[in-house]
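# Topology and contacts: notes
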Amino acid sequence: MEHTDILTAVSAVHAIVAMYGTGYILYRFAKPFMENKKGAVRIGITYFAIMLLLYLVPVEINTFAAYSLGVLSAFLAMCRIDRRNYKQKTFIAATFFSLHWLSEYMTRIITDAIYNIKAVSDAFYIPERRPVAKILIFGGVELLDTVIGFALLGISVRYIVKTYIYKREDMSIKEMFMLMVPSITGMTGYGILIQYQTSSGMSWMEPIYGLYNGLAFLHFGISIITIVVMTVLFQNFKARQEEKLQNELLATQVDSIERHIGQVESLYREIRGIRHDMANHILTLERLYAGNHVKEAMDYGEELKASLSRMAGEIKSGNPVTDVILQGLKNEAEKRQICFRSDFYYPTGTNINAFDVSVILNNALQNAMENIMRFPLHSAEKREAPYISVLSYHRNNAYIIEISNSFTGNLQWDEEQGLPVSSKEKTEGHGHGQTHGHGQTHGHGLANIRRVARKYSGEIAIELRDAEFRLSIMLMME
């Protein structure tokens, strides 16, 4: 076999190994973001298959177009395997394309520098040199090219995957463009440098060409670092937001605990009072029956039974925590002449925590009460009394809570959070809402509810129709 055939074979092996390795790194990049972990391997296979096909088909196609088709095919495979969060998949594809392109050209600059070393150049380019030396040099440089290229791309991808904490969270359009700006900037700079090299015939001007390669290498390296650092900074920002929301949720939970303790203490005082008087009640009943005052004894017993019933509470939801919350809100509603209807039950025997449900009920019912007090029904609208309704049901493994209240105000939406805020909250300039009782805000209340719902892979939905505000909360049960 001629040494030129061996060089061609080594070049082909290098190209195929590079395609396979790049496909594997792309698979490792996309896998943590996918729900279907096993199906994620098809992303890498798709990229490798397309690139191999383009390599073997005897049709001239430039490298940029080939890489574009390969990454586009992998992106479509991602969307096919996991049909959600397409903006995040766009970020993954664009970032990988840019990192691969930039790392490959950094590697190419290094290998070009090796070939420009006089000893290597003489051994490889002078025809009289032995073919074995040429084969060894070529194979060694191709191996080095593969190792450096995989190292640059693999380390960048690994660091992004490691620092990207919220992989399952939906990415907004603003977040997608913010994270893609470094990739776009890096590729734009690359395009300008390559166009300048081509138009200036720089390959014939060795000193300038060496300086150009140094600047290009620096630009590509800074671009890769910027892509990674931008992702890290974005995740740190998200983590701070998460911590802030956790603190707000914790404050809400502490407030709920304080109210629960107050309600339980009140109940305990009533129990102590009734227990203290129980001997007197029993003695009174015995005397009535002994005196043959049966009717009076029965009336006295009914009154005692009603008193015990009021103390124990009318609502039985299947959990003492939710019983206390619902009973407290019912009592408050009745004092304000608001009709309170409850068909709520707690999903016992599931993974849903009673305290998380208490956060939902406290926030939602307090918001409902505040809405009614802020927007009372006008005389023409008083066809029925103001009301609050809470019910729950499940469909398959979805547990749904619906809380409705009469509502005559107007909704304005916080575009950033995707949640409604009242006109009063907007005009008073508190961003997320006017502070109300118990130190909460209307906007924070809905944000806390949504946060609990997402903890159980659920979501909230808001409807406003026929003078009624309805909040639906879905939690997925295990």
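Residues numbered from 1 in each chain as written. Predicted model: local features only at pLDDT ≥ 70, side-chain atom pairs only at ≥ 80, totals over all residues. Heavy atoms only, no water.

A few words now on the overall build of the chain. Within the chain, the secondary structure is distributed over 13 helices and seven strands. The buried share of the chain, taken over its 478 residues, is 44%. In the chain, the proportion of contacts linking residues at least 24 apart, taken out of those at least 6 apart, comes to 68%. For the chain, the exposed area adds up to about 26300 Å²; of that, 60% sits on carbon and sulfur atoms. (Helix = DSSP H or I, 4+ residues; strand = E, 2+ residues; numbered from the N terminus. Buried < 20%, exposed > 50% of the residue type's maximum accessible area, 1.4 Å probe, protein only. Contact = heavy atoms within 4.5 Å. Areas by Shrake-Rupley, 256 points an atom, 1.4 Å probe, with all protein chains shown as cover.)

Here we take up the pairing of strand 2 (residues 387-395). Summarising the sheet, strand 1 (residues 339-343) and strand 2 pair through five bridges and their orientation is parallel. Directly across from Arg341, in strand 2, lies its bridge partner Ser389. Judged from the eight bridges that link them, strand 2 and strand 3 (residues 398-406) form a sheet pairing that is antiparallel. From the neighbouring strand, His394 faces strand 3, where its bridge partner is Tyr399. (Pairing = 2+ DSSP bridges.)

Next up on the list: the sheet that holds strand 7 (residues 468-476). Reading across from one edge, 1-2-3-7-6 is the order of the five strands in this open sheet, with mixed pairing throughout. Both outer strands of the open sheet, strand 1 and strand 6 (459-465), are each paired with one neighbouring strand and no more. The average undirected angle you get between the axes of adjacent strands in this sheet is 15°. Lying over the sheet, helix 10 (residues 320-335) contacts strand 1 and strand 2, oriented at roughly 160° with respect to strand 1. Packed on one face of the sheet, helix 11 (residues 354-374) meets strand 1, strand 2, strand 3 and strand 7 and runs near 15° to strand 3. (Axes fitted to C-alpha atoms, helices over the stretch in contact; angles between N-to-C directions.)

This part takes up the pattern of salt bridges. Following the criterion strictly, the structure yields 12 salt bridges and no others. One salt bridge in this structure joins Glu104 and Arg108, with 3.3 Å as the shortest N-O distance. In this pair, Glu104 and Arg108 both sit in helix 4 (residues 86-115), four residues apart, roughly one turn of the helix. Judged by its relative accessible area of 18%, Glu104 is buried. Its salt-bridge partner being Glu468, residue Arg470 comes within 3.1 Å of it at the nearest N-O pair. Each of Glu35, Asp82, Arg84 and Lys89 takes part in salt bridges that share partners, so that together they form one network. (Salt bridge = Lys/Arg side-chain N within 4 Å of Asp/Glu carboxyl O.)

On to the confidence of the model for the chain, then. Model confidence for the chain is summarised by a mean pLDDT of 80, while 80% of its residues fall at 70 or above. Highest mean pLDDT in the chain belongs to strand 3 (93); lowest belongs to helix 12 (residues 423-427) (43). In the predicted structure, residues 378-382 sits below a pLDDT of 50 and forms two contacts with residues beyond four places in sequence or in another chain. Scored below 50 in pLDDT, residues 422-442 makes 46 contacts in the model with residues more than four places away or belonging to other chains. (pLDDT = per-residue confidence, 0-100.)

As a further point, take the pairing of strand 3. Of all the nine residues making up strand 3, nine are buried; the element is thus mostly covered by neighbouring parts of the structure. Neither face of strand 3 is left uncovered, since the one carrying Ala398, Ile400, Glu402, Ser404 and Ser406 and the one carrying Tyr399, Ile401, Ile403 and Asn405 both have all their residues buried. The antiparallel pairing of strand 2 with strand 3 creates a hairpin that spans two residues between the two strands, and Asn396 there sits at a positive phi of about 55°. With nine bridges joining them, strand 3 and strand 7 adopt antiparallel strand pairing. Residue pairing in the sheet places Glu402 in a bridge with Ser472 of strand 7.

Right, let's talk about a nonpolar patch on the surface for a bit. A cluster of nonpolar side chains, Ile61, Leu69, Leu72 and Leu76, forms an exposed patch at the surface whose accessible area comes to about 340 Å². Here Leu76 is to be found in helix 3 (residues 63-81). Leu76 sits in the partly exposed class, given a relative accessible area of 49%. (Patch = residues over 30% accessible without salt bridge, like charges linked within 9 Å, V, L, I, M, F, W, Y side chains within 5 Å.)

Bringing the nonpolar core into the picture now. In this structure, Phe29, Ile43, Met78, Phe96, Val157 and Phe220 are the most contacted members of the largest nonpolar core, which totals 52 residues. In terms of residues, this core owes the most to one element, helix 4, which gives 11 residues. With sequence-adjacent residues up to four places away left out, Phe220 is seen in contact with Leu102, Tyr105, Met106, Ile109, Tyr190 and Leu193. Counting 39 residues, the second-largest nonpolar core is a separate cluster that includes Ile352, Leu361, Leu365 and Val390. (Core = buried A, V, L, I, M, F, W, Y, C linked by side-chain atoms within 4.5 Å.)

The full count for this structure, using the stated rule, is 18 aromatic pairs. In textbook terms, an aromatic cluster arises when at least three aromatic residues are bridged by ring pairs, as seen for Phe29, Phe33, Tyr47, Phe91, Phe96, Tyr164 and Phe234. Its guanidinium or amino end placed over the ring of Phe33, Lys167 lies 5.9 Å from that ring's centre, counting from NZ or CZ. (Phe/Tyr/Trp six-rings, centres within 6.5 Å; stacked < 30°, edge-to-face > 60°. Lys NZ or Arg CZ within 6 Å of the ring centre and 35° of its normal.)

Quick look at the side chain of Glu402 now. Relative to the elements of secondary structure, Glu402 occurs in strand 3. The side chain of Glu402 is buried and forms no salt bridge, while Arg470, the nearest opposite charge, is found at 4.3 Å. There is a polar contact of 2.8 Å between the side chain of Glu402 and the side chain of Tyr393. Setting aside anything within four residues of it in sequence, one finds Glu402 in contact with Ser389, Val390, Leu391, Tyr393, Arg470, Leu471 and Ser472. (Lys, Arg positive; Asp, Glu negative; His and termini not counted. Polar contact = N/O pair within 3.5 Å; in protein donor to acceptor, adjacent residues only side chain to side chain.)

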